[in-house]
Amino acid sequence: MKKIFALVTFCSLFLPLTAPAAAQTFEVQGQQEQQPRATSPANPAAKNKKSRAAQAGSGGIGWGNSIELGRMARAAEDALKKGHYAAAASYAERAVKAAPQNGRLWFLLGYTSRLAGHYQASLDAYRRGLQVEPNSADGVSGMAQTYSRMGNTAEAIRILSQLVAANPKRTEDTAILGELYMRSGNLPQALNLLQRAEADKPTAH
């Protein structure tokens, strides 16, 4: 009985994972994602802030000094704010064509493509980005989330399990993995992961 109560408690703590309007940058199948805020070179103060896109699998855009890339960054940001995901993906695609060796741009394309419902394009973009930045935890996380959105829960669990094992302090990924295990019916593992995520969650000061 205690385990059931604890599971319900932790599920309520992580309700943003399943609430459609939740202010989260990560998601599992069937959920909306918070629109990311791309970093623009025209806003120096924003460079020191972790953008929403970074949390969702881009790790920081790194647009460089290109004026054109800066314009596309702002255009993508505006499109995301307005919920125009297809347009945001289009701008991201133009950006990666201009800077194909920038892994973070590929991750941005993967993210925006997922929001637009272009799942295969999202996977392809994450794979290209991981060829450039093979050790990017954000890229791996983003790809796993796309698999989850596609309904391939088993592959999402496999990828996230490896990621969390190698990066145990990635609290959001741990919480997502717990949610995925809950969906698959493995409640003990789900409870264990949600407890870990809650314990590792930074405390407000």
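Calculation criteria
- Residues numbered from 1 in each chain as written.
- Predicted model: local features only at pLDDT ≥ 70, side-chain atom pairs only at ≥ 80, totals over all residues.
- Heavy atoms only, no water.
- Helix = DSSP H or I, 4+ residues; strand = E, 2+ residues; numbered from the N terminus.
- Buried < 20%, exposed > 50% of the residue type's maximum accessible area, 1.4 Å probe, protein only.
- Contact = heavy atoms within 4.5 Å.
- Areas by Shrake-Rupley, 256 points an atom, 1.4 Å probe, with all protein chains shown as cover.
- Salt bridge = Lys/Arg side-chain N within 4 Å of Asp/Glu carboxyl O.
- Core = buried A, V, L, I, M, F, W, Y, C linked by side-chain atoms within 4.5 Å.
- Expected span 1.5 Å × (residues − 1).
- Axes fitted to C-alpha atoms, helices over the stretch in contact; angles between N-to-C directions.
- Parallel < 35°, antiparallel > 145°, perpendicular 65-115°, else oblique.
- Left-handed = near helix turned anticlockwise from the far one by under 90°.
- Nonpolar A, V, L, I, M, F, W, Y, C, P; charged D, E, K, R; others polar.

### Considerations on the overall build of the protein chain
Counting its secondary structure elements, the protein chain contains 10 helices and 0 strands. Listed by position from the N terminus, the elements making up the protein chain come as α-α-α-α-α-α-α-α-α-α. Burial analysis of the protein chain (205 residues in total) assigns 48% to the buried set. For the protein chain, the share of sequence-separated contacts (at least 6 apart) that also reach a separation of at least 24 residues comes to 54%. If you sum the accessible surface of the protein chain, you get close to 10300 Å²; carbon and sulfur atoms cover 53% of it.

### Re the pattern of salt bridges
In this structure the tally under the stated criterion is 10 salt bridges. Residue Asp124 is joined to Arg127 by a salt bridge in which the shortest nitrogen-to-oxygen separation is 3.6 Å. Taken together, the positions of Asp124 and Arg127, both in helix H6 (residues 119–132) and 3 residues apart, correspond to about one turn of that helix. Given a relative accessible area of 37%, Asp124 falls into the partly exposed group. Across the salt bridge formed by Arg170 and Asp173, the nearest N and O atoms sit 2.5 Å from each other. Exposure remark for Arg170: the relative accessible area of 22% places this residue in the partly exposed category. Each of the salt bridges in this network shares a partner with another, and the network as a whole consists of Glu68, Arg71 and Arg94.

### Observations concerning the environment of Tyr147
Take Tyr147: it is sitting in helix H7 (residues 137–150). Residues Tyr147 and Ile157 lie 10 residues apart in sequence; the distance between their C-alpha atoms is 9.1 Å.

### Examining the nonpolar core
Counting 26 residues, the largest nonpolar core has Met143, Tyr147, Ile159, Leu160, Leu177, Leu180 and Tyr181 as its most contacted members. Among the elements of the structure, helix H3 (67–81), helix H5 (103–115), H6, H7, helix H8 (153–166), helix H9 (171–184) and helix H10 (187–200) are those that each provide at least two residues to this core. Top contributing element to this core by residue count: H8, with 6 residues. If near-sequence neighbours (up to four positions away) are discounted, Leu177 is found in contact with Ile157, Leu160, Ser161, Val164 and Leu193. Membership of the second largest hydrophobic core comes to 11 residues, among which are Leu69, Ala95, Trp106 and Leu108.

### Some words on H3
Given a rise of 1.5 Å per residue, 15 residues ought to cover 21 Å, and the 21 Å separating the end C-alpha atoms of H3 matches this to within 8%. Listed in full, the buried residues belonging to H3 are Leu69, Gly70, Met72, Ala73, Ala75, Ala76, Glu77, Ala79 and Leu80. Contacts made by the buried residues of H3 are with helix H4 (85–98) and H5. Once H3 ends, the next one or two residues include Gly83, with phi positive near 80°.

### Describing the environment of Ala76
Relative to the elements of secondary structure, Ala76 occurs in helix H3. Given the relative accessible area of 2%, Ala76 is considered buried.

### Quick notes on the packing of H3 against H4
One way to put it is that H3 packs onto H4 with a least axis distance of 8 Å and a crossing angle of 160°. Regarding the angle of H3 to H4, the classification is roughly antiparallel. As for how H3 packs across H4, the hand of that crossing is left-handed. Here Glu68, Leu69, Met72, Ala75, Ala76, Ala79 and Leu80 of H3 lie close against H4, whose contacting residues are Tyr85, Ala87, Ala88, Tyr91, Arg94, Ala95 and Ala98. Within the contact of H3 with H4, the residues separate by chemical class into 12 nonpolar, no polar and 2 charged.

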